[in-house]
Amino acid sequence: MSPSPRPLRAAAFVFVLAWIVLLAAEVLRVWLIMPMPGSQQGDTIGFAYTLHRSMLAVRIVAGAAILWAAARLVARGRWPARTAVGICLALLGVVAYGTNGPMSADVMFRQPGALTFAPTGQPGALVVGVELTDAAGRSQARAYPIQLIGYHHQVRDTVAGQPVMVTYCTVCRTGRVFSPVVDGTADTFRLVGMDHWNAMFEDSRTGSWWRQATGEAVTGPLKGKSLAEIPSRQMTWAAWSALHPQSDLMQPDPQFAPRYARMEGFAEGTTEGGLTGRDPQSWQRKSWVVGVLAGDAARAFDWNELVRDRVINDQVGDRPVLLLLGADGASFRAFDARPGETAPRLDLERTADASRFRDRATGATWDESGLALDGPNAGTRLAAIPAYQEFWHSWQTFRPETTARKAG
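Residues numbered from 1 in each chain as written. Predicted model: local features only at pLDDT ≥ 70, side-chain atom pairs only at ≥ 80, totals over all residues. Heavy atoms only, no water.

### Remarks on the packing of helix H2 (residues 45-76) against helix H3 (residues 79-100)
Rules: Here an axis means a line fitted to C-alpha atoms, over the contact stretch when the element is a helix, while the angle between two N-to-C directions is reported on a 0 to 180 degree scale. Secondary structure elements are defined from DSSP: runs of H or I of at least 4 residues count as helices, runs of E of at least 2 residues count as strands, and each element is numbered from the N terminus. Here roughly perpendicular refers to angles of 65 to 115 degrees, roughly parallel to angles under 35, roughly antiparallel to angles over 145, and oblique to all remaining angles. In a left-handed crossing the near helix is turned counterclockwise from the far helix by less than a right angle, and in a right-handed crossing that turn is clockwise. Contacts are residue-level and defined by heavy atoms, with any inter-residue pair within 4.5 Å sufficient. Amino acid classes used here: Ala, Val, Leu, Ile, Met, Phe, Trp, Tyr, Cys and Pro are nonpolar; Asp, Glu, Lys and Arg are charged; the rest, including Gly, are polar.
At a minimum axis separation of 9 Å, H2 and H3 run at an interaxial angle of 155 degrees. By the angle between their directions, the pair H2 and H3 is classed as roughly antiparallel. Where H2 crosses over H3, the handedness of that crossing is left-handed. Residues Arg59, Ile66, Ala70, Leu73, Val74 and Ala75 of H2 lie in contact with H3, whose contacting residues are Arg82, Val85, Leu89, Leu92 and Asn100. Across the contact of H2 with H3, the residue classes tally to 8 nonpolar, 1 polar and 2 charged.

Take a look at the structure:
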C-alpha cells in the first residue's frame, strides 16, 4: 500500500521552506559584510549584525526542520524525492562550508604567527610609523609596511609598554593606529567583514563591530563608543628612519609570502582591480586625497595637486595649515601654519631643493619635517596635525562634514 501523498507533501513543503531560509541566511550573512556586488551601498549594518548574532538559533530551528522533513522524504518518498533531498543537502553543505570557512574575513586575511622586527628594510617601502613614550619617559618607534598590514588588516603589538592595534584597509586606503583598550581593559579584535567598503573588527568581549576608518563601534552593545586613536604617520621607511634612527621595522611572516606578493604595487597605486586600484584622475571614487583634521573640521586635498606643487597653503576650519610633500615624492605631513600662537601664518613656496621650502614673507627656509633652518623662527618645529592618504570615496563617506580643495 503506497503512503498517503498528503504527509509527504507537508514534509516536502517544510523541507523546501527550511532549506531556503537556512541557505538564504548563510549567504546573506556573508554577502552583507563582504565586498560583493550591491552589498556595500545601503545602510544594512543593523540587519547584518542581527542576522550574524541570530545564526545559531536559525541553524538550530531550520536545521531541525530540514532533518525532520528529510527523514520522512527519504523513508517514504520515491527515488526522485530522495535524489532531490540529497542534492539539496549537499548544496547546503557546500554553501555553509564556504561561508563559514574560506569566505570568512578572518580566514581570508589571517594574523601573523609572530611579529618580528629589524632595524633595516627597503628604503622606499611605505610604512605606518608610531612613536610612543613609556612611564619612565623612554620613547620607542616602530614602523609597519603597508604591503604587510594591508594583507593582515590589523596587527597587535606593544610599543613603549602600551598595547597598540595597527590597522589598514586596502579598499579605502586607510591606515589607522588605535589603543585596543575598551573600558579600561585591553581587548582583542578579529576582522569580521566590511561596511561601506571599510574594514570592520569584532571585539572578543561584547561582539560589537568597530569601523576601521574612525575606530567607532557602529553596532552591538558598545555602539557609539570609540577607540582612542594613536598618532601615526604614513611615509617611506627611509623618511621614517631618518626621523627615528632607533626605529624597528616589522618583517614579513614567511608563511604569508604569496599573500604579500599579491600586494605588490599597491603602495604605488599600480595594482589593477576595482577594489584597490587607483584612479589617476582627481576627485574620482578611487582618486587619492590627503584628508586633514583640525578640531571638528575636516578637509580633503588632491594628491595630484600636492605632487605637482609639493606645498599647499590652506585652511581647515579656522586653523591655517601647511601640507608638505617630502623629497621622496611619497612622504607627506600636515602642520599648523603658525610657528607660535601669536606668530603670523607662514606662506611657503617650493625651492629648487626638493626637501626645502621658503617663506615668501621672510625668506626663511623650512625643511620637510616642519623645522625652521634659519630666519626669525630658526630651530622652531611646526606642530603636526592629523593627515591621512585615502581614497576619495572613503574620506567623504566617513567624514561627511568634509570640505574639499578643488582647483578651478
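After that view, the rundown keeps rolling.
### Focus on the environment of serine 54
As a reminder, the rule being used: Buried residues are those whose accessible area, probed at 1.4 Å on protein chains only, stays under 20% of the maximum for their type, while exposed residues exceed 50% and partly exposed ones sit between those limits.
Examined against the element boundaries, serine 54 turns out to sit in helix H2. On the basis of relative accessible area, serine 54 is assigned to the partly exposed category, the value being 30%. Along the chain, serine 54 and valine 127 lie 73 residues apart, while their C-alpha atoms are 39 Å from each other.

### Observations concerning H3
Structural remark: α-helix, 3.6 residues per turn; residues separated by three or four positions point the same way. For the record, the criterion: Working rule for helices: expected span equals 1.5 Å times residues minus one. As used here, the arc is the angular range of directions from the helix axis to the C-beta atoms.
Between its first and last C-alpha, H3 extends 31 Å over 22 residues, near the 32 Å set by a 1.5 Å rise per residue. Buried residues of H3: Val85, Leu92, Val95, Gly98 and Thr99, and no others. Looking straight down H3, one finds that the buried residues subtend no more than 165 degrees of arc, so they occupy a single side. Residues Trp79, Ile87, Val94 and Tyr97 are exposed on H3 and point more than 90 degrees away from its buried face.

### Observations regarding the sheet that holds strand E21 (residues 356-359)
Worth spelling out the cut-off: In this scheme, strands are said to pair when DSSP sees at least two bridges between them.
Strands sit in the order E20-E21-E22 across an open sheet of 3 strands; the sheet is antiparallel. Two strands lie at the open edges of the sheet, namely strand E20 (348-350) and strand E22 (365-367), each paired on one side alone. Geometrically, the sheet is characterised by an average inter-axis angle of 40 degrees between neighbouring strands, direction not taken into account. Note: E21 against E22, 3 bridges, orientation antiparallel. Each bridged residue has a counterpart across the sheet, and for arginine 356 the counterpart in E22 is aspartate 367.

### Here's the deal with the sheet that holds strand E10 (residues 198-203)
The strand order E9-E10-E11-E12 describes an open sheet built from 4 strands, whose pairing is antiparallel. Only two strands of the sheet have a single partner each, and these edge strands are strand E9 (189-195) and strand E12 (217-219). Neighbour to neighbour, the strand axes of the sheet diverge by 40 degrees on average, direction disregarded. Alignment of E10 against strand E11 (residues 209-211), held across 3 bridges, turns out to be antiparallel. Of the residues in E11, the one forming a bridge with phenylalanine 201 is tryptophan 210. Strands E9, E10, E11 and E12 of the sheet are contacted by H2, whose axis makes an angle of about 145 degrees with E11.

### Focus on H2
Cut-off, in case you're wondering: In this analysis the local bend is the angle between axes fitted, respectively, to the seven residues ending at and the seven residues starting at the residue.
With 32 residues, H2 should cover 46 Å at 1.5 Å per step; its first-to-last C-alpha distance of 44 Å lies within 8% of that length. Along H2, the sharpest kink reaches roughly 55 degrees, centred on serine 54. Looking only at H2, the buried set comprises Ile45, Ala48, Tyr49, Leu51, His52, Met55, Ala62, Gly63, Ile66, Ala69, Ala70 and Leu73.

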